[in-house]
Amino acid sequence: MQLQPDESGKFGRYGGRFAPEVLISALDELEHAFFKFHEDKSFNAELDNLLRTYAGRPTPLYFAENLSSFCDPSGRVRIYLKREDLVHGGAHKMNNTLGQALLAKKMGKERVIAETGAGQHGVATAMAAVKLRLKCDIYMGTEDIERQRLNVFRMKLLGANVIPVDKGSKTLKDAINEALRDWVTNVEHTYYLIGSVVGPHPYPLIVREFQRVIGIETRKQIIEAEGRLPDVIVACVGGGSNAMGIFYDFIEDDVELIGVEAAGRGLHTGMHGASICAGEDGVLHGMFSKLLQDEYGQINQSYSIAAGLDYPGVGPELVFLAEQGRVKMTAATDNETLTAFKILAEKEGIIPALESAHAIHCAIKLAKKNRGREYIIVVNLSGRGDKDIFIAAEALAGETL
Ligand SMILES: *Cc1c(COP(=O)(O)O)cnc(C)c1O
């Protein structure tokens with residue numbers, strides 16, 4: 001199995017660098033710096049220290065005993081949750097933003113820019129920028145600013161400058177275009193901090209490497225707990241960073257890997273975020289990948305009840321692994337997700353992010369299949385659900401809780 005991008009930044013047919021000429025030298029500079037610092041002892045020691053003392057790593061691998069016996073009363077199925085919801089900021093995103101912000105600092109940049117849709121990546125970037133004393137500008141569509149007021153306030157409180165984008169659909173894809181424009185103009189002192197395993201090479205590689213800490217810890221922890229590797233690892237997929245982060249160190253092992261996309265209102269309705277399950281090959285945001293698009297290559301609006309899965313593309317390495325059959329892809333609808341969201345709260349006292357609840361749904365389904373043998377499931381619980389309680393309250397209105 002191909003584990004690294006080739007010279008053109010591709011995993012199989014996917015990935016690459018579909019960027020304007022002016023950005024190529026910036027991407028080369030970034031690649032060069034990343035390879036240098038990624039091998040650097042003092043860089044890694046500094047990052048480890050930040051992850052430990054600021055972000056709260058290592059996160060626990062938690063045996064969800066109540067959920068397990070709810071699904072399989074025989075006690076042979078054991079579900080473990082990798083608690084990325086306990087990372088500072090409430091999700092795995094901080095693993096990446098701290099890594100890249102530290103890289104920016106070492107490259108001598110004074111300013112980071114990012115784009116955000118739901119605001120979660122904007123908040124995680126703002127936190128890392130404050131910590132590392134970098135100036136921070138966040139691009140955000142005016143439609144999203146309207147929908148995500150709390151996160152806009154958080155970013156401002158954290159000293160970031162939120163730049164409204166009033167073009168096109170006024171959402172994430174327009175914000176990405178503006179961020180790229182900014183980077184082209186200010187590349188000398190500005191670092192563009194991408195939030196998932198997407199974008200032109202080397203971003204998918206960089207983000208995967210900073211998120212790998214999840215899988216590295218999981219491997220150690222499951223062996224301590226069970227004396228063996230799990231049968232299956234499940235993660236939700238928006239851009240694919242929490243999935244690649246937990247999957248990567250198990251690719252060569254006999255462990256089933258399952259990615260769960262957002263089926264939204266149903267894959268047949270067109271209202272979903274399932275780029276691998278239901279998308280087509282195309283180019284977006286500097287990469288060749290699977291996208292949600294119409295027959296003319298125009299990008300379709302994605303949709304999910306989970307804001308973090310509401311993106312019309314996905315990381316190229318994950319598409320490659322899915323194409324190779326190494327990662328199995330499936331999707332959960334909004335309704336299935338809400339049910340899983342409730343079950344985890346009721347059984348374990350943990351309110352998951354709606355993104356993560358997609359993976360919980362899949363794990364519950366797997367656990368309920370009677371195999372008559374021991375079966376160990378690890379779920380990447382990518383984030384906590386505090387940010388989602390208003391959405392969930394509205395969606396569950398009328399249901400008896
Ligand atoms: C942003 C986010 C995701 C989706 O991003 P990936 O890059 O696919 O991991 C998933 N879960 C949570 C909690 C998020 O905040």
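That block above? That's the structure.
Note that the structure is a prediction, hence the values are computed from the model and not measured.

Engineer: Report on the environment of S8, specifying residues and quantitative values.
Structural biologist: One can find S8 in the segment before β1 (10-11). For S8, a relative accessible area of 41% corresponds to the partly exposed category. Here the alpha-carbon distance between S8 and F341, two residues 333 residues apart in the chain, equals 41 Å. Every residue in contact with S8, bar those within four places of it in the chain, is listed here: G16 and R17. At 2.8 Å, the side chain of S8 and the side chain of D6 are in polar contact.

Engineer: Describe in detail the site of the ligand, supporting the description with residues and values.
Structural biologist: The immediate surroundings of the ligand are formed by 17 residues, with K93, S196, G238, G240 and S241 found nearest. Measuring from an oxygen atom of the ligand, one finds a side-chain N or O atom of K93 at 2.5 Å. Take S241: an N or O atom from its side chain is 2.7 Å from an oxygen atom of the ligand. When isolated, the ligand has an accessible area of 380 Å², and the protein chains bury 96% of it. Class assignment for the residues of the shell around the ligand results in five nonpolar, ten polar and two charged.

Engineer: Run through the state of the cysteines, naming residues and quoting values.
Structural biologist: Tallied over the full model, the rule gives zero disulfides. We note that C71 lacks a disulfide partner, and the nearest cysteine sulfur, in C362, lies 11 Å from it. By relative accessible area, C71 is classed as buried at 7%. Looking at the unpaired C362, the closest cysteine sulfur is the one in C277, lying at 11 Å. Using a relative accessible area of 8% as the deciding quantity, one classes C362 as buried.

Engineer: Requested: an account of the sheet that holds strand β8 (residues 190-192), with residues and values cited.
Structural biologist: Across the sheet, four strands lie side by side as β7-β6-β5-β8; this open sheet has parallel pairing. The sheet terminates laterally at β7 (161-165) and β8, the two strands that pair on one side only. Ignoring which end each strand starts from, the neighbouring axes of this sheet average 25 degrees apart. Taken together, the three bridges between strand β5 (residues 111-115) and β8 define a ladder with parallel strand orientation. Note that in β8 the partner of V112 across the bridge is Y191.

Engineer: Can you break down the pairing of strand β11 (residues 280-284) residue by residue, with the values?
Structural biologist: For β11 and strand β12 (residues 287-291), the ladder comprises five bridges, and the chain directions are antiparallel. Paired with L284 across the strands is M287, a residue of β12.

Engineer: Any details on the nonpolar core? Residues and values, ideally.
Structural biologist: Ranked by size, the top nonpolar core spans 58 residues in total, and within it L98, L103, W183, Y191, Y192 and Y203 carry the most contacts. Among the elements that line this core, the one with the most residues is helix α1 (residues 21-38), at seven residues. Counting 38 residues, the second largest nonpolar core, distinct from the first, contains V77, A359, V379 and L396.

Engineer: Tell me about the sheet that holds strand β13 (residues 327-333), residues and numbers included.
Structural biologist: Spatial ordering of the open sheet is given by β3-β4-β14-β9-β10-β13, a layout of six strands whose pairing is mixed. In this open sheet, the two strands that pair with only one neighbour each are β3 (61-63) and β13. Going from strand to strand, the sheet's axes swing by 25 degrees on average, the running direction of each strand aside. Note: strand β10 (residues 256-264) against β13, seven bridges, orientation parallel. Bridging across to β13, V260 finds its partner in T330.

Engineer: Break down a nonpolar patch on the surface for me, citing the residues and quoting the values.
Structural biologist: Residues L150, I351, I389 and F390 make up a contiguous nonpolar surface patch of roughly 420 Å² in combined accessible area. On the secondary structure map, I351 appears in the loop between α14 (334-348) and α15 (354-368). Overall, the relative accessible area of 40% leaves I351 in the partly exposed class.

Engineer: Tell me about the packing of aromatic side chains, and name the residues and values.
Structural biologist: Any two aromatic rings considered together are summarised by their centre-to-centre distance and by the angle between their planes. Under the counting rule described, the total for this entry stands at eight aromatic pairs. On the numbers, 5.4 Å between centres and 10 degrees between planes, the contact of Y14 with F288 is stacked. Placement of the pair is Y14 in strand β2 (residues 14-15) and F288 in strand β12, with a sequence separation of 274 residues. Residue Y14 is classed as buried on the basis of its relative accessible area, which comes to 0%. For F288, a relative accessible area of 18% translates into the label buried. Note on W183 and Y192: the rings are 5.8 Å apart at their centroids and 55 degrees apart in plane angle, and the pair reads as tilted. Taken as a pair, W183 and Y192 share a single burial class, namely buried. Members of the aromatic cluster, connected to one another through ring pairs, are F34, F35 and F210. When the ring centre of Y62 is taken as origin, the NZ or CZ atom of R83, which lies over that ring, is 5.9 Å away. Seen from the ring of Y248, R208 lies directly overhead, with NZ or CZ sitting 3.8 Å from the centre.

What counts as what
- Residues numbered from 1 in each chain as written.
- Predicted model: local features only at pLDDT ≥ 70, side-chain atom pairs only at ≥ 80, totals over all residues.
- Heavy atoms only, no water.
- Helix = DSSP H or I, 4+ residues; strand = E, 2+ residues; numbered from the N terminus.
- Buried < 20%, exposed > 50% of the residue type's maximum accessible area, 1.4 Å probe, protein only.
- Contact = heavy atoms within 4.5 Å.
- Polar contact = N/O pair within 3.5 Å; in protein donor to acceptor, adjacent residues only side chain to side chain.
- Near = heavy atom within 4 Å.
- Areas by Shrake-Rupley, 256 points an atom, 1.4 Å probe, with all protein chains shown as cover.
- Nonpolar A, V, L, I, M, F, W, Y, C, P; charged D, E, K, R; others polar.
- Disulfide = S-S within 2.5 Å.
- Pairing = 2+ DSSP bridges.
- Axes fitted to C-alpha atoms, helices over the stretch in contact; angles between N-to-C directions.
- Core = buried A, V, L, I, M, F, W, Y, C linked by side-chain atoms within 4.5 Å.
- Patch = residues over 30% accessible without salt bridge, like charges linked within 9 Å, V, L, I, M, F, W, Y side chains within 5 Å.
- Salt bridge = Lys/Arg side-chain N within 4 Å of Asp/Glu carboxyl O.
- Phe/Tyr/Trp six-rings, centres within 6.5 Å; stacked < 30°, edge-to-face > 60°.
- Lys NZ or Arg CZ within 6 Å of the ring centre and 35° of its normal.

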